Protein chains: 2
Amino acid sequence: MPLSFEVTARCPVTGARAGKLHTSRGTISTPVFMPVGTQATVKTMTPEELKSLGAKIILSNTYHLYLRPGADIVAEAGGLHSFMNWDRAILTDSGGFQVFSLDSLRKITEEGVTFRSHIDGSRHFISPEKATEIQMQLGADIIMAFDECIPYPCTYEYARESTLRTSRWAKRCLLTHKKEEQALFGIVQGGTHRKLREMSVEALLSLDFPGYGIGGLSVGEPKPLMYKVLSYTLPLLPADKPRYLMGVGTPDCLLEGVARGVDMFDCVFPTRVARNGTILTRKGRLVIRNARYARDFSPLDPQCTCYTCRNYSRAYIHHLFRAKEILGLRLATIHNLALILDLMAAIREHIAAGTFARFKADYLGNNQ
Amino acid sequence: MPLSFEVTARCPVTGARAGKLHTSRGTISTPVFMPVGTQATVKTMTPEELKSLGAKIILSNTYHLYLRPGADIVAEAGGLHSFMNWDRAILTDSGGFQVFSLDSLRKITEEGVTFRSHIDGSRHFISPEKATEIQMQLGADIIMAFDECIPYPCTYEYARESTLRTSRWAKRCLLTHKKEEQALFGIVQGGTHRKLREMSVEALLSLDFPGYGIGGLSVGEPKPLMYKVLSYTLPLLPADKPRYLMGVGTPDCLLEGVARGVDMFDCVFPTRVARNGTILTRKGRLVIRNARYARDFSPLDPQCTCYTCRNYSRAYIHHLFRAKEILGLRLATIHNLALILDLMAAIREHIAAGTFARFKADYLGNNQ
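Residues numbered from 1 in each chain as written. Chains lettered and ligands numbered in written order. Predicted model: local features only at pLDDT ≥ 70, side-chain atom pairs only at ≥ 80, totals over all residues. Heavy atoms only, no water.

**Q** Explain the packing of aromatic side chains to me, please; I cannot follow it from the model alone.
**A** How two aromatic rings sit relative to each other is given by the distance of their centres and the angle of their planes. Within the structure shown, the criterion is met by 18 aromatic pairs over all chains. Ring-pair connections join several aromatic residues into one group, and the members of that group are A:F83, B:Y307, B:Y312 and B:Y316. Taking the ring centre of A:W169 as reference, the NZ or CZ of A:R165 above it sits at 5.8 Å. (Phe/Tyr/Trp six-rings, centres within 6.5 Å; stacked < 30°, edge-to-face > 60°. Lys NZ or Arg CZ within 6 Å of the ring centre and 35° of its normal.)

Rendered as structure tokens:
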């Protein structure tokens with residue numbers, strides 16, 4: 001087995017669970033948040049900085065790396081870990097989400113998807129086989145089956161057709177995948193239709209993946225609807241396999257996802273908004289460019305112990321953003337990631353201590 | 001004395017000298033290169049990264065800090081060191097160079113200079129008194145007299161008038177300056193006219209500054225002409241005071257400046273070209289975006305031991321630049337600064353060992 005998973009604690013009130021995901025590149029305590037390194041770099045950060053924040057696994061995007069620099073160059077470099085100097089675990093997505101986001105630029109058939117590069121407009125074709133091969137070349141520890149991420153809203157008919165196709169594609173990925181040290185996860189689709197989610201889970205379970213992604217959420221649907229889909233979908237998945245809610249990463253969604261039994265998350269949210277000057281704090285968000293922070297010599301979040309909060313004031317970071325200085329993007333990214341990773345560590349501790357439900361209520365109460 | 005200087009070694013062949021500049025924030029071995037932190041940050045870098053490269057003193061720009069965030073905010077933060085989290089020495093320029101670079105936006109009188117902000121077009125007036133007061137507020141360890149940087153080429157008449165005015169301004173700066181822990185340096189001007197340089201030195205020496213800048217060079221004149229001006233100007237300055245060649249920082253100019261007795265340098269060159277993807281190596285420059293580096297898995301400079309060269313390949317940094325990733329700017333900046341600071345360390349060692357002349361010839365021979 002390239003990967004093994006054990007549940008080590010369960011919340012007595014919610015569906016939350018803590019666990020250990022053992023990979024050949026270290027053990028990852030779950031629930032875990034994976035910072036996103038789209039183009040073989042978590043934007044603005046070095047690997048050492050990510051480690052100092054406690055990141056144990058990062059996500060990178062197959063679509064982007066396939067187009068640039070190309071999977072062959074990454075393979076020649078000895079794989080993604082070596083290319084980007086990151087020796088902890090990596091998960092790559094399948095490229096499906098990005099390809100399907102291209103919208104008018106792509107065409108879907110049973111065989112796969114034809115699309116145009118967002119970089120230079122060049123034509124490309126990705127099939128389940130090709131997505132798997134590319135991910136084998138990249139060499140991540142966990143890779144994802146090639147799926148179609150159904151948009152929201154979407155007709156039942158289209159969602160059904162797409163979900164059935166994604167299940168057929170999952171099988172083709174599995175048949176293509178030949179890399180023992182790598183784990184291939186299936187992805188549950190089905191949009192916001194309970195029947196289709198059940199159908200998707202059933203098809204995937206027959207293929208027996210070592211872990212399952214929950215895709216097609218956080219794509220524009222109201223949050224309560226996302227929570228509802230999670231509430232009826234997660235209990236269908238085997239308790240002894242990790243469950244990964246794709247593309248979700250705001251504090252409220254992390255807490256609600258964990259409460260429903262999610263083990264893994266990824267999202268560009270904390271890093272993307274950081275570069276935009278939006279700072280996450282334990283009491284909500286602040287926009288650091290705002291004039292009110294020009295003479296505020298307190299740290300971004302007085303409760304935070306990250307490098308940024310230990311050493312710099314809001315006034316300084318306000319200045320850096322106004323002056324368009326890269327250090328501002330770095331300091332904000334460090335802080336936002338620290339806040340999310342600290343939240344996940346607190347979640348794990350509270351699940352172990354049996355106090356998660358209370359912690360969740362308190363956190364959501366403060367974070368308005 | 002806020003500052004003291006001692007010469008510890010002299011080159012037996014050239015005019016090069018090694019020394020120690022003692023400040024209240026540590027001793028700086030000279031000849032020294034000061035990385036430039038224009039807007040209270042050395043672009044892309046944290047203070048810890050600068051320290052790990054061996055930087056002992058950085059430069060920051062009064063003009064920029066005066067406009068943004070404003071000297072009052074920096075003072076309220078406890079001064080520039082505290083504002084930017086840098087506890088080693090800082091030198092601020094007087095703002096003269098930037099103001100005079102504004103060209104059509106400024107007007108000079110005996111009293112001072114009226115100019116428009118490059119940020120918002122607002123009108124400002126800086127006099128020698130005001131430039132000194134701003135620098136007192138910023139709180140750097142070494143500050144510079146407010147001078148006019150004469151353009152090249154320039155008529156003898158204008159250069160003479162300007163140089164005389166700069167000398168009168170130097171006196172006004174000295175009379176304004178009341179901060180014992182801060183050292184105020186005078187600036188030798190005079191353009192490329194030997195007689196005016198002599199006149200400038202004479203006027204400054206009568207004011208007895210603790211150190212002297214050499215201004216108005218590297219402003220477009222041919223390098224041999226700059227070297228010539230240095231050759232006849234530096235011997236006029238007292239041997240026991242530090243000499244700072246302003247705005248100079250390419251390897252060849254550093255070596256030629258040191259050979260003529262310069263102790264201190266600053267320049268945006270290594271950091272600015274880094275962000276443009278131009279990499280300095282011990283064998284010349286390379287443009288990392290060039291397609292030839294896409295599959296080059298060797299370090300930027302095989303002879304370099306910096307963080308970047310220990311951990312990343314040309315192929316990866318090529319990818320980061322192509323993908324417009326900030327980590328690329330960071331890694332290139334670290335490397336270019338490391339190369340320049342390593343060069344300065346080697347220069348100091350060779351002066352101490354009496355082998356500087358040979359080292360200089362070898363370095364310039366390799367670095368074509």
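From this point, things continue past the structure.
**Q** Sorry, what's going on with the packing of helix α14 (residues 326-353) of chain A against helix α15 (residues 356-366) of chain A here?
**A** Any two packed helices are characterised by the angle at which their axes cross and by the distance between the axes. Two elements in contact, α14(A) and α15(A), have axes whose closest approach is 8 Å; the angle formed by their N-to-C orientations is 145°. Across the interface between the two elements, A:L339, A:L343, A:A346, A:I347, A:H350 and A:I351 of α14(A) pack against A:F356, A:F359 and A:Y363 of α15(A). (Axes fitted to C-alpha atoms, helices over the stretch in contact; angles between N-to-C directions. Helix = DSSP H or I, 4+ residues; strand = E, 2+ residues; numbered from the N terminus. Contact = heavy atoms within 4.5 Å.)

**Q** Help me understand the sheet that holds strand β10 (residues 142-144) of chain A in this model?
**A** By definition, the strands of a sheet pair up through backbone hydrogen bonds, in either a parallel or an antiparallel sense. All names here are of chain A. Strand order in the open sheet formed by eight strands is β4-β14-β13-β12-β11-β10-β6-β5, and the pairing between neighbours is parallel. Unpaired on one side and paired on the other, β4 (32-34) and β5 (57-60) mark the two borders of the sheet. For this sheet, the mean angle separating the axes of adjacent strands, direction not counted, is 25°. Alignment of strand β11 (residues 183-188) against strand β12 (residues 212-214), held across three bridges, turns out to be parallel. If you follow I187 over to β12, its bridge partner there is G213. (Pairing = 2+ DSSP bridges.)

**Q** Whenever I open this one, the relation of the copies chain A and chain B confuses me. Can you help?
**A** Two copies of a chain can be linked by a rotation about an axis combined with a shift along that same axis. With an axial shift of 0.0 Å and an RMSD of 0.0 Å, the rotation relating chain A to chain B amounts to 180°. Given the turn and translation reported, the copies of this chain are related as if by a two-fold rotation axis. Considering only C-alpha atoms, the residue of chain A closest to the rotation axis is A:I326, which sits at 3.9 Å. Take the interface residues of chain A: 100% of them recur as interface residues in chain B, which is what a same-surface contact looks like. (Least-squares fit on C-alpha atoms with pLDDT ≥ 70 in both.)

**Q** Even after reading the chapter, I still don't get the pairing of strand β5 (residues 57-60) of chain B, so can you show me in this structure?
**A** As a general feature of sheets, a regular strand has side chains that alternate between the two faces. All names here are of chain B. What you see with β5 is no split at all: I57 and L59 on one side and I58 and S60 on the other are buried throughout. When β5 meets strand β6 (residues 89-92), the two strands line up parallel, connected through four bridges. Bridging from a neighbouring strand, I58 pairs with I90 of β6. (Buried < 20%, exposed > 50% of the residue type's maximum accessible area, 1.4 Å probe, protein only.)

**Q** Looking at this structure, I do not really get the interface of chain A and chain B. What am I missing?
**A** By a widespread convention, an interface's size corresponds to the accessible area lost as its parts come together. Listed as interface residues are 37 residues of chain A and, on the opposing side, 37 residues of chain B. Roughly 3300 Å² of surface becomes buried between chain A and chain B when both sides are summed, with 54% attributable to carbon and sulfur atoms. Between A:E325 and B:K43 there is a salt bridge whose closest N-O contact spans 2.5 Å. At the boundary of chain A and chain B, one finds 24 residue pairs in polar contact (both at pLDDT 80 or more). Among the secondary structure elements, those contributing two or more residues to the side of chain A that touches chain B are α1 (47-52), α3 (71-76), α4 (80-84), α12 (307-311), α13 (314-322) and α14 of chain A. If one sorts the elements of the side of chain A that touches chain B by residue count, α13(A) sits on top with five residues. (Buried area = accessible area lost by both parts, 1.4 Å probe. Salt bridge = Lys/Arg side-chain N within 4 Å of Asp/Glu carboxyl O. Polar contact = N/O pair within 3.5 Å; in protein donor to acceptor, adjacent residues only side chain to side chain.)

**Q** What am I meant to see in the sheet that holds strand β8 (residues 113-116) of chain A here?
**A** All names here are of chain A. The three strands lie next to each other as β7-β8-β9, forming an open sheet whose pairing is antiparallel. Edge positions in the open sheet fall to β7 (106-108) and β9 (123-126), since each of these has one partner strand only. Going from strand to strand, the sheet's axes swing by 15° on average, the running direction of each strand aside. Summarising the sheet, β7 and β8 pair through three bridges and their orientation is antiparallel.

**Q** I keep staring at the side chain of A:R165 and nothing clicks. Help me out?
**A** Residue and element names in this part refer to chain A. Relative to the helices and strands, R165 resides in helix α7 (residues 156-176). For R165, the side chain forms a polar contact with the side chain of E148, separated by 2.7 Å. If we ignore the near neighbours within four places in the chain, the residues touching R165 are I108, T109, E110, E148 and Y158.

**Q** Even after reading the chapter, I still don't get the confidence of the model for chain A, so can you show me in this structure?
**A** When pLDDT drops low, the exact placement of atoms in the prediction is not to be read closely. For chain A, per-residue confidence averages 96 on the pLDDT scale, and 99% of positions sit at 70 or higher. Overall fold confidence (pTM) sits at 0.98, and the ipTM for the predicted complex is 0.98. (pLDDT = per-residue confidence, 0-100.)

**Q** Explain helix α14 (residues 326-353) of chain B to me, please; I cannot follow it from the model alone.
**A** In an α-helix, one turn spans 3.6 residues; hence positions three or four apart end up facing the same way. All names here are of chain B. If you check α14, its first and last C-alpha atoms are 40 Å apart, about what 28 residues at 1.5 Å a residue would give, namely 40 Å. Most of α14 sits out of view: 21 of its 28 residues are buried. Just downstream of α14 lies G354, where phi reads positive at about 80°. (Expected span 1.5 Å × (residues − 1).)

**Q** Is there a simple way to explain the pairing of strand β1 (residues 3-10) of chain A in this structure?
**A** Residues and elements named next belong to chain A. Pairing geometry for β1 and strand β2 (residues 17-23), over seven bridges, is antiparallel. Residue pairing for β2: V7 is matched across the bridge by G19. Taken together, β1 and the strand that follows it, β2, pair antiparallel across an intervening segment of six residues.

**Q** Before we go on, may I ask you to explain the environment of A:K107 in this structure?
**A** Residue and element names in this part refer to chain A. With respect to the element layout, K107 can be found in strand β7. Relative accessible area serves as the criterion here: at 56%, K107 is assigned to the exposed category. Sequence separation between K107 and T278 is 171 residues; the distance between their C-alpha atoms is 36 Å. Apart from residues lying up to four places away in sequence, K107 is in contact with G112, V113 and T114.

**Q** Whenever I open this one, the nonpolar core confuses me. Can you help?
**A** Across soluble globular proteins, nonpolar side chains show a tendency to be buried alongside one another. One finds A:F356 and B:F356 to be the most contacted residues of the largest nonpolar core, which totals 214 residues. Leave out the neighbours within four places in its chain, and B:F356 touches B:C11, B:T14, B:A16, B:L255, B:V258, B:A259, B:I347, B:H350 and B:I351. (Core = buried A, V, L, I, M, F, W, Y, C linked by side-chain atoms within 4.5 Å.)

**Q** What is the right way to look at α15(A) in this model?
**A** All names here are of chain A. Residues of α15 that are buried: F356, F359, K360, Y363 and L364. Considered in projection along α15, the buried side chains sweep an arc of 120° and stay on one side of the axis. Its buried side turned inward, α15 meets α10 (251-259) and α14. (Arc of directions from axis to C-beta.)

**Q** What should I look at first to understand the pattern of salt bridges in this one?
**A** Between side chains of opposite charge, a pair can form as their charged atoms come close. Applying the stated criterion across every chain, the model contains 44 salt bridges over all chains. One salt bridge in this structure joins A:K360 and A:E256, with 3.1 Å as the shortest N-O distance. Of this pair, A:K360 sits in helix α15 while A:E256 is found in helix α10, placing the two residues 104 residues apart along the sequence. In this structure, B:D362 and B:R358 form a salt bridge, with 3.5 Å as the shortest nitrogen-oxygen distance. Of this pair, B:D362 and B:R358 are both found in helix α15 (residues 356-366), four residues apart, which corresponds to roughly one turn of the helix. When its relative accessible area of 39% is taken as the criterion, B:D362 is described as partly exposed.

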